[in-house]
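For reference, the chains in residue letters:
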Amino acid sequence: MARTRTAHKRSDNRAAPFFLATLILWFVSVWFEILFNKRRELFWIIAGTFFFQIANWLIRFFVSRVPLFVNTSVSLLHSTITSVSVVFILVHQCLKTGSDGLFEHSQLVGGTWEWAYPTLCLSCGYFAYDQLDMLLYRLYSGLIPSILMHHLILLICFTLALYRNVTINYLILTLICELHSIFLHVRKVRRMAGVRDAKSKIVKLEWILNWVTFIFARCVSHILITIKLIRDAPKFEKGVELPLALFGMAGMNLLNVGLGIDLFNAFKRERNLLKDSNNHGE
């Protein structure tokens, strides 16, 4: 048993150098674009990284020093800010220009809705912060940790889109899934805070919102975006945009399947605990 745990730790440690190296290369690339190519608008990425790191320090100082609690709390903050921002961007755009043509290929690929660029930059900065935080405190497991792979894929897709100033609106639409992430993180924070009463109406409501947002804000939205990309494939110019977009969405949809399985298993465990407590009560 001890040997198995040691083997797991060694495999986890082997993953760290690769993901740390890619993160360092990413930071160098962003600073190069800002300083040498005069891309001042990309400074929002650095601002996002520092904003969420400061939030981390404040939570660590005033609330709890438990790394997983701190990390999850900052993730909850990011999900809330991003969700509100995406909804605001879409509503603002509808009020400004109307809904006609909002999801046209030319708008999604070549256009940039107001506030979309800095919102995507801030979210990109968060994923960089979160990647580093998980590496520092080893908040991952496995030889190829899915959470670190998820962040790496998003950093590549988001950063290349920001560099080339294309598919910004497409990526903003993918961030609708952060509505579901809110309830994922709320559940984790709630459980770490010791609130685990499955009979509670708040917990039951939380699970309903978890499933509804998982299905509609994450699965359905990402499937529709993938279908839209495939249907509009002939409209893309030759280049990296379409392959990168399809690769990113394939990765997201695959990760959604894994997340759905994990969510179902967690739901089943809580339901079984509730049944056991009811049986003991009888």
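Model, not experiment: these values are computed from the prediction.

1. Structural notes on the layout of surface pockets
When its volume is computed, the largest pocket comes out at roughly 1,200 Å³. For the largest pocket, the lining is made up of 43 residues, of which Ile147, Leu184, His185, Lys188 and Leu259 are closest to its centre. At the level of elements, α3 (67-97), α5 (116-137), α6 (146-164), α8 (178-192), α9 (201-231) and α10 (241-281) are the ones that each hand at least two residues to the lining of the largest pocket. Taken together, Phe103, Leu108, Tyr170, Leu173, Ile176, Ser221, Leu224, Ile225 and Lys228 make up the full set of residues lining the second largest pocket. The element best represented in the lining of the second largest pocket is α9, accounting for four residues.

2. What to know about the environment of Met149
Relative to the elements of secondary structure, Met149 occurs in helix α6. For Met149, a relative accessible area of 30% corresponds to the partly exposed category. When the C-alpha atoms of Met149 and Phe19 are compared, they prove to be 8.3 Å apart, with 130 residues separating the residues in sequence. Not counting residues up to four positions away in its chain, the partners in contact with Met149 are Phe19 and Ile144.

Scoring rules and cut-offs
- Residues numbered from 1 in each chain as written.
- Predicted model: local features only at pLDDT ≥ 70, side-chain atom pairs only at ≥ 80, totals over all residues.
- Heavy atoms only, no water.
- 1 Å grid on protein atoms, 1.4 Å probe; cavity = no way out; pocket = protein on both sides within 12 Å on 5 of 7 lines; lining within 4 Å.
- Points joined across faces, edges and corners; volume = space filled by probe spheres on them.
- Helix = DSSP H or I, 4+ residues; strand = E, 2+ residues; numbered from the N terminus.
- Buried < 20%, exposed > 50% of the residue type's maximum accessible area, 1.4 Å probe, protein only.
- Contact = heavy atoms within 4.5 Å.

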